[in-house]
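# Summary of the model geometry
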Amino acid sequence: CAQKVLSLPPSEIPSKSKVVWEKFSPQTKFERQLYHYGTFPEGFHWGVLSSAYQVEGGWNADGKGPCVWDTFTQKPGNIPNNDNGDVACDSYNKIDADLYMLRALKVKTYRFSLSWSRIFPNGYKSSLNQKGVDYYNRLIDGLIANNIAPMVTLYHWDLPQALQNINGWDNPEMINIFNEYCDFCYATFGDRVKFWITFNEPQTIAWSGYGLGQIPPNVNQPGDAPYRVAHNLLKAHAQVYHTYDEKYRASQGGLVSISLNAEWAEPLDINVPREVVAADRALQFQLGWFAHPIFKNGDYPDAMKWQVGNKSELQGLTESRLPSFTDEDKAFIQGTADVFCINTYTTKVVHHVTSRLDIESYETDQDVEKDNADDSINTAVNEQKAVAWGLRRLLNWLKEEYGDPEIYITENGVATGTAITVDDTDRIFFLNTYIDEALKAHNLDGVRVKGYIASSLMDSFEWLKGYTVGYGLHYVNFKLSSRPRSPKRSAHLYFDIMNNNGFPLTEDVEMLYGHFPGGFMWSTARHLFHLFMLKHHR
């Protein structure tokens, strides 16, 4: 097996990430709950986000072609209540309403995605739909007029159905097809867009889409398809990064990155080396799968190569299920991100297990098991329990593992149920605690956190959950055709946090802090009765 060139067993593979666990190992539950007062530096990027399929609607309006999510959600039984994104928040017809919310919040950045099939209905430039281009020009121009910087995601899961008909991201031809689409977007919108994100959560695309088969294109091939798809996604990302570099960077001066997703992995017992290595391995499989090639050496993490390579050999395969990069590939992929973008929601406690060999799966390849943290707080999405202290640890891990990059938190938020409309106290608690942990990482640990994007601007179509949960700072009444928006209490809180650039010490809190005057007498005392009792006890 090609991957057996690794000479170290996985329990001995070194990792800079151990610094993070050693750094925080003395941290008590009390210390986690301490509130840190302070502010982010001037120029910090505060924002909110949405994505095309979740908010736009107009699924077939003005020449738009169908995407894989249209195909999937329009089939009865796939989504609760048969919900779909046919209308969603109707943002395609309500640009002014969206701009009003953004202007009222006074955000500096709006992260949104382009619908590929609205611009190229069949995925190819030859099918150019000018009305789709006009829609995005109006949105971008409206943002610029309100001093809001567009942060544009080129691909947020909604592949044109015509391209899925040629096997989607499992087809290497997609590398050049995606490059043609991105090249057009750079040329058309790049005079105003200065922050591009190529893919949103490629790990979710590869694993949930092609491994578990949960989300479109619903391919259930857990042993090999996710690895092939990730291979193509990494090459596609690198290609469009170089296209921007070679053709547009000098004239447009923007940034290009990729939004990766991770949950913090806390070892079950930080005093047991095997458990620390297991937690590190979980992070390498989820985050390092894409971050290691881009931010380190152009190749997959050693932990992945060892695990998948050796399991493949034991399963009787002639080569590893994890593809290999050529030296040329590695040089092409390495360094293809200007900043580090991370999406994160929760923390898991991880411990080592020995998985069955008769199951070929990205999941069992990891030899780990994940549980909820003891102090996690329930949310409307069971797998996304709130564990604020994990964010600080994750940010420190990124700093140590990837050479202290500039980091943007490009997605972070909490789901609430449909019974919650505007009085969303859970989200207020979430924003206060999570943003404060990011502030601790910046101010106390020296992590170069440059921006925070809250999920999300408004309630929207939440993928497999439909409209049964909401992440929005604004409530959307989906029962009314006009889709009215109303600010929640969390919108007012987030406005204050952004306006204050964090959590400055307020007067009512500041009065609790101070100094005694010079010459103040400090001493110790002992009670005479205590001395008397000691004497007679002897």
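Within any chain, residue numbers begin from 1 and follow the written order of that chain's sequence. Since the coordinates come from a predicted model, pLDDT governs what is reported: local features require at least 70, and pairs of side-chain atoms require 80 or more to be given and counted, while whole-chain, interface and lining totals use all residues. For the side-chain quantities, the full set of heavy atoms in the structure was used; hydrogens and water were omitted.

### Observations concerning the overall build of the protein
Numbering of helices and strands runs from the N terminus; a helix is a DSSP stretch of H or I covering at least four residues, while a strand is a stretch of E covering at least two. Of the regular secondary structure elements, the protein holds 20 helices and 17 strands. Using C-alpha atoms as the atom set, the radius of gyration is obtained and then compared with a globule rule of 2.2 Å times the number of residues to the power 0.38. By the compact-globule yardstick of 24 Å for 538 residues, the protein fits well, its C-alpha radius of gyration being 25 Å. The C-alpha extent of the protein, read off along each of the three principal axes, is 100 × 60 × 50 Å. In the protein, buried positions account for 59% of the 538 residues. Approximately 22800 Å² of the protein is accessible, and the part contributed by carbon and sulfur atoms is 51%. Looking at the protein, you have 50 positive and 64 negative side-chain charges, and the mean spots of the two groups are 4 Å apart. Only protein chains enter the area calculation, which uses a 1.4 Å probe; residues under 20% of their type maximum are buried, those over 50% are exposed, and those in between are partly exposed. Residue burial considers only the protein chains on display, and all accessible areas are found by Shrake-Rupley using a 1.4 Å probe. The sign given to each residue is positive for Lys and Arg and negative for Asp and Glu; His and the chain ends receive no count. Think of each charge as sitting on NZ of Lys, CZ of Arg, CG of Asp or CD of Glu.

### Observations regarding the sheet that holds strand β7 (residues 264–267)
In this description, strands pair whenever DSSP reports at least two bridges between them. With mixed pairing, three strands are arranged side by side in an open sheet as β7-β9-β10. Where the open sheet ends on each side, the last strands, each with one partner, are β7 and β10 (368–372). The mean inter-strand angle of the sheet, taken between neighbouring strand axes irrespective of direction, is 40 degrees. Pairing between strand β9 (residues 347–352) and β10: five bridges, direction antiparallel. Residue pairing in the sheet places His351 in a bridge with Glu369 of β10. For helices, the axis comes from a line fit to the C-alpha atoms of the stretch in contact; other axes are also lines fit to C-alpha atoms, and the angle between any two N-to-C directions lies between 0 and 180 degrees.

### Focus: the nonpolar core
Side chains of a nonpolar character, in soluble globular proteins, are inclined to be buried together. Counting 141 residues, the largest nonpolar core has Leu114, Trp116, Trp169, Phe178 and Trp196 as the members making the most contacts within it. In this description, contact between two residues means that some pair of their heavy atoms is separated by no more than 4.5 Å. Residues in contact with Phe178, not counting those within four places in the same chain, are Trp116, Leu154, Tyr155, Trp169, Thr198, Phe199, Ala236 and Val240. We call a set of buried residues a nonpolar core when its members are Ala, Val, Leu, Ile, Met, Phe, Trp, Tyr or Cys and they connect through side-chain atoms within 4.5 Å of each other. Counting eight residues, the second largest nonpolar core, distinct from the first, contains Leu49, Phe195, Ile197 and Val339.

### Topic: the pairing of strand β5 (residues 195–200)
With six of six residues buried, β5 lies mostly within the body of the structure. Two strands pair when backbone bridges link them, and strand β4 (residues 149–155) and β5 are joined in this way by four bridges, in the parallel orientation. Across the sheet, the residue bridging to Met151 is Phe195, located in β5. Direction of pairing for β5 relative to strand β6 (residues 255–261): parallel, over a ladder of four bridges. If you follow Trp196 over to β6, its bridge partner there is Val256.

### Quick notes on the packing of helix α9 (residues 174–189) against helix α11 (residues 225–247)
For the pair α9 and α11, interaxial distance at closest approach is 9 Å and the crossing angle is 35 degrees. In the packing of α9 onto α11, the handedness of the crossing is right-handed. From α9, Ile175, Phe178, Asn179, Cys182, Asp183 and Tyr186 reach across to α11, where they touch Asn232, Lys235, Ala236, Gln239, Val240, Thr243, Tyr244 and Lys247. What makes a crossing left-handed is the near helix being turned counterclockwise from the far one by less than a right angle; a clockwise turn instead makes it right-handed.

### Remarks on the UniProt feature "active site" (unreviewed entry) in the protein
Cross-referencing UniProt, the feature "active site" (unreviewed entry) maps to Glu411 in the present numbering. As for its placement among the helices and strands, Glu411 is situated in strand β11 (residues 407–413). If we skip the residues at most four places from it in the chain, Glu411 touches Leu49, Arg111, His156, Asn200, Glu201, Ile342, Asn343, Thr344, Tyr345, Ile453 and Ser455. Nitrogen and oxygen atoms within 3.5 Å of one another constitute a polar contact, given that in protein one can donate a hydrogen and the other can accept it, and given that sequence-neighbouring residues count only through two side-chain atoms. Within polar-contact distance, the side chain of Glu411 engages the side chain of Asn343 at 3.1 Å. UniProt positions are given in the numbering used here, feature names are shortened, and annotations may be inferred rather than shown by experiment.

### What to know about unusual backbone geometry
With an omega of 15 degrees, the peptide bond between Pro216 and Pro217 qualifies as cis. Of note, Pro217 is situated in the loop between α10 (202–210) and α11. The phi torsion at Asn82 lies on the positive side, around 55 degrees, for a residue other than glycine. Relative to the helices and strands, Asn82 is located in the loop between α4 (68–73) and α5 (95–105). Of note in this structure, Asn218 is not a glycine but carries a positive phi near 60 degrees.

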